[in-house]
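Architecture and fold: a report
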Amino acid sequence: MDTATPPGSAGLTFRDATDADAPALVALIESAYRGDSSRTGWTTEADLLEGQRTDEQGVRQVINAPAGRLLAVEREGELIACCQLEHRGDAAYFGMFAVRPGAQGGGLGKVIIAEAERTARESWGVTEMQMTVISAREELIAWYERRGYRRTGQLTPFPYGDERFGIPQRDDLAFELLVKTIGDRQSVA
């Protein structure tokens, strides 16, 4: 199991999640995005989607994906955040990013995304990070843009009718691809 404490993240531990972490990860992800608890943070999707965001099976698939990893972030042994990294050729996909609502707004997300970028670059030699964000989430997209991500205009339809991803409250939801250059071949070790 990898554990690390990147610079600027005193008190945080980053490690690869295990199957035993799945129930706690589901609870974390749900609390950050759905229901009333998510409204205490700013990343809520509660006005766009009801129902679940993920389940234990989905989290375990990410944990056990051969080309990926799910980073668990702990402070003093308590799970406070997570993110998925998946190797896709010259790029890495960044997803399943969640920070406990009460810990949002204090710079923790910036530290985590920077560590995810570093991890992807050093582990796989990738030069680009990719993610998809619900295009209606303008505030969240603006946050990613301040981190160097750019909108591509490339949209993927929301999976309407598949309640594993939630119950849409609008009929105009789509995912937009965001990308960021995180290195070049010469600077990758």
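See the structure shown above.
Residues numbered from 1 in each chain as written. Predicted model: local features only at pLDDT ≥ 70, side-chain atom pairs only at ≥ 80, totals over all residues. Heavy atoms only, no water.

Observations concerning the nonpolar core
- Of all hydrophobic cores here, the largest spans 45 residues; its most connected members are Val-59, Phe-94, Phe-97, Ile-112, Met-129 and Tyr-144.
- Those residues in contact with Tyr-144 that sit more than four places away from it in its chain are Phe-94, Phe-97, Ile-113, Met-131, Val-133, Tyr-149 and Leu-178.
- Listed in part, the 5 residues of the second largest apolar core include Leu-48, Leu-49, Ile-134 and Phe-158. (Core = buried A, V, L, I, M, F, W, Y, C linked by side-chain atoms within 4.5 Å. Buried < 20%, exposed > 50% of the residue type's maximum accessible area, 1.4 Å probe, protein only. Contact = heavy atoms within 4.5 Å.)

Quick word on unusual backbone geometry
- Residue Glu-76 is not a glycine yet carries a positive backbone phi of 50°.
- With respect to the helices and strands, the residue Glu-76 is situated in the loop between strand S4 (68-75) and strand S5 (78-88).
- If you check the backbone angles, Met-96 has positive phi at about 45° while not being a glycine.
- If you trace the backbone, Met-96 turns up in strand S6 (residues 91-99). (Helix = DSSP H or I, 4+ residues; strand = E, 2+ residues; numbered from the N terminus.)

Some thoughts on the packing of aromatic side chains
- Evaluated as defined, the whole model comprises 6 aromatic pairs.
- With a centroid separation of 5.4 Å and 70° between ring planes, the pair formed by Phe-158 and Tyr-160 is classed as edge-to-face.
- Chaining the aromatic ring pairs together yields one cluster made of Phe-94, Phe-97, Trp-143, Tyr-144 and Tyr-149.
- Here the guanidinium or amino end of Arg-147 rests over the ring plane of Trp-143, the centre of that ring lying 4.6 Å away. (Phe/Tyr/Trp six-rings, centres within 6.5 Å; stacked < 30°, edge-to-face > 60°. Lys NZ or Arg CZ within 6 Å of the ring centre and 35° of its normal.)

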